[in-house]
Amino acid sequence: MRKVIAIGETVLDIIFKDNKPIQAVPGGSAYNAIISLGRCGVPAMFIGEAGNDRIGEMVRQYLVDNGVDASNLNVFPESKSPISLAFLNEDNNADYLFYKDHPRDQIDYVYPEINPEDIVLFGSFFAVNPVVRPQVMGFLDYARKRGAIIYYDVNYRASHRHEVMKVTPNILENLEFADIVRGSDEDFEVMYKKKDADAVYRSEISFYTKNFLYTRGKEPVELRAQGGLAKQYPVLQTETVSTIGAGDSFNAGFVYGLIKYGITRSMIEAGMSEAQWDDLLGCAQQFSANVCQSINNSVDADFAGKMRQELEEACREAEINE
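Residues numbered from 1 in each chain as written. Predicted model: local features only at pLDDT ≥ 70, side-chain atom pairs only at ≥ 80, totals over all residues. Heavy atoms only, no water.

1. Comments concerning the overall build of the protein chain
A count of helical and extended segments in the protein chain gives 10 helices and 13 strands. For 322 residues, the compact-globule formula gives about 20 Å, and the C-alpha radius of gyration of the protein chain, at 18 Å, lands near that figure. Dimensions of the protein chain, computed from C-alpha atoms along their principal axes, come out at roughly 50 × 45 × 40 Å. Counting every position in the protein chain, which comprises 322 residues, the buried fraction comes to 56%. (Helix = DSSP H or I, 4+ residues; strand = E, 2+ residues; numbered from the N terminus. Rg over C-alpha atoms; globule rule 2.2 N^0.38 Å. Buried < 20%, exposed > 50% of the residue type's maximum accessible area, 1.4 Å probe, protein only.)

Now the structure itself:
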């Protein structure tokens, strides 16, 4: 089976409701997505760093417990793990405070084996951070040359609004590498002061990549794709407990769909059919809806078990058809 390699930051998410802590769980954008994928039976690997402390060990063990290869998780002797405080409001959306105390911000790893049609998932400020940019850029270049599909989640927080100009060249390079880009209305308001899907796609995305997913919280997901395809996908209605990890799980579901439905890079480059996009967005929406039903950052065990079974059946069927 094809594998997924995620590269990104790690944090300990401490979640508050009514100003009281109610949960603490390892997190990070790409990290949350790879945990969901590992739970669902997808061969998964994470590249990143953690502190040399109890939180760092939690981060590492959580990967292992969820079936994710943690051999490229770097632990630096003098570092402390980052912490994120997430305050849920009355709509169960979160405002964040981040605390980070790393004496050196860098990742040190040997490139993992990447085969054609494997999938690389990356994003957030980690993907544009000048301090780790040489390593991220080198890895993306390596992955592209090895024939991987590259999925970029922009995920640019308001806390980095003042750094947009400085990191814009890195954002543009990421867009050039990406086969598929996802971003939220909040991301593009921060980066470009634009909140219209068509305006963002025409002026900021389409020159670099033709495949664009634009999420807007409870509002329909907007798709703009190769061949001029433009479509809306209503968000699945669900009882929301927390939206933390909703976008990360959306990414995981989309990547899961790429494997389940046998989508290759050549298919993406040629232009996928509307039916194929429907399948992929269906998976993304299911994953996102599931994570909103709990206080956790990734899909729950029951849902993951069902997805694991469906993936195994799809892979068996693909082998028979070959």
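2. Looking at helix 10 (residues 301-321)
With 21 residues, helix 10 ought to run about 30 Å at 1.5 Å a step, and its terminal C-alpha atoms sit 30 Å apart, in line with that. Of all the residues in helix 10, the buried ones are Phe303, Ala304, Met307, Leu311 and Cys315. The buried residues of helix 10 occupy an angular sector of 100 degrees when the element is viewed end-on, so they sit on one face. When the buried face of helix 10 is taken as reference, the exposed residues oriented beyond 90 degrees from it are Asp302, Glu317 and Ile320. For helix 10, the elements touching its buried residues are helix 1 (29-39), helix 7 (246-260) and helix 9 (274-291). (Expected span 1.5 Å × (residues − 1). Arc of directions from axis to C-beta. Contact = heavy atoms within 4.5 Å.)

3. Examining the state of the cysteines
One pass over the full model with this rule turns up zero disulfides. Free of any disulfide, cysteine 283 has its nearest neighbouring cysteine sulfur in cysteine 40, separated by 9.8 Å. Its sulfur unpaired, cysteine 292 is 15 Å from the next cysteine sulfur, which belongs to cysteine 40. In this structure cysteine 292 comes out as buried when scored by relative accessible area, which is 9%. (Disulfide = S-S within 2.5 Å.)

4. With respect to the pattern of salt bridges
All chains considered together, the criterion is met by 17 salt bridges. Across the pair aspartate 141 and lysine 145 runs a salt bridge whose closest N-O atoms are separated by 3.1 Å. Of this pair, aspartate 141 and lysine 145 both sit in helix 3 (residues 133-145), four residues apart, roughly one helical turn. Looking at aspartate 141, the relative accessible area reads 30%, which means it is partly exposed. Several salt bridges share partner residues, and in doing so they unite Arg144, Asp179, Arg265 and Glu269 into one network. (Salt bridge = Lys/Arg side-chain N within 4 Å of Asp/Glu carboxyl O.)

5. Describing the pairing of strand 5 (residues 68-76)
Where strand 4 (residues 44-51) meets strand 5, seven bridges bridge the pair, whose relative direction is parallel. Of the residues in strand 5, the one forming a bridge with glutamate 49 is asparagine 74. Handedness of the crossover joining strand 4 and strand 5 through helix 2 (residues 54-65): right-handed. (Pairing = 2+ DSSP bridges. Right-handed = clockwise from strand over helix to strand, strands pointing away.)

6. A few points about the side chain of serine 124
Within the secondary structure, serine 124 is located in the loop between strand 8 (119-123) and helix 3. Classification of serine 124 by relative accessible area gives buried; the value is 6%.

7. A look at the environment of glutamate 186
Along the chain, the position of glutamate 186 falls in helix 5 (residues 185-192). Residue classification places glutamate 186 among the exposed positions, given a relative accessible area of 55%. Note: C-alpha distance between glutamate 186 and threonine 215 (29 residues apart in sequence) is 9.0 Å.

8. Description of the nonpolar core
Among the nonpolar cores identified, the biggest contains 53 residues, and Ile34, Phe46, Leu63, Leu213, Phe254, Tyr256 and Trp277 are the most heavily contacted of them. The biggest single contributor to this core is helix 7, with seven residues. Once you skip the residues sitting within four places of it in the chain, phenylalanine 254 turns out to touch Tyr151, Ile180, Leu213, Trp277, Leu280, Leu281 and Ala284. Of all hydrophobic cores here, the second largest spans 40 residues; its members include Phe122, Leu140, Val154 and Tyr201. (Core = buried A, V, L, I, M, F, W, Y, C linked by side-chain atoms within 4.5 Å.)

9. A look at the packing of aromatic side chains
Within the structure shown, the criterion is met by 18 aromatic pairs. Each ring, one from tyrosine 31 and one from phenylalanine 46, has its centre 5.4 Å from the other, and the planes form 85 degrees; the classification is edge-to-face. Of this pair, tyrosine 31 sits in helix 1 while phenylalanine 46 sits in strand 4, and the two are 15 residues apart along the sequence. Accessibility expressed as a relative area gives 0% for tyrosine 31, which makes it buried. Under the relative-accessibility criterion, phenylalanine 46 is labelled buried at 0%. Ring pairing ties together the aromatic residues Phe188, Tyr192, Tyr201, Phe212 and Tyr214, which thus form one cluster. One residue, arginine 157, lies across the ring of tyrosine 96, its end atom 4.6 Å from the ring centre. (Phe/Tyr/Trp six-rings, centres within 6.5 Å; stacked < 30°, edge-to-face > 60°. Lys NZ or Arg CZ within 6 Å of the ring centre and 35° of its normal.)

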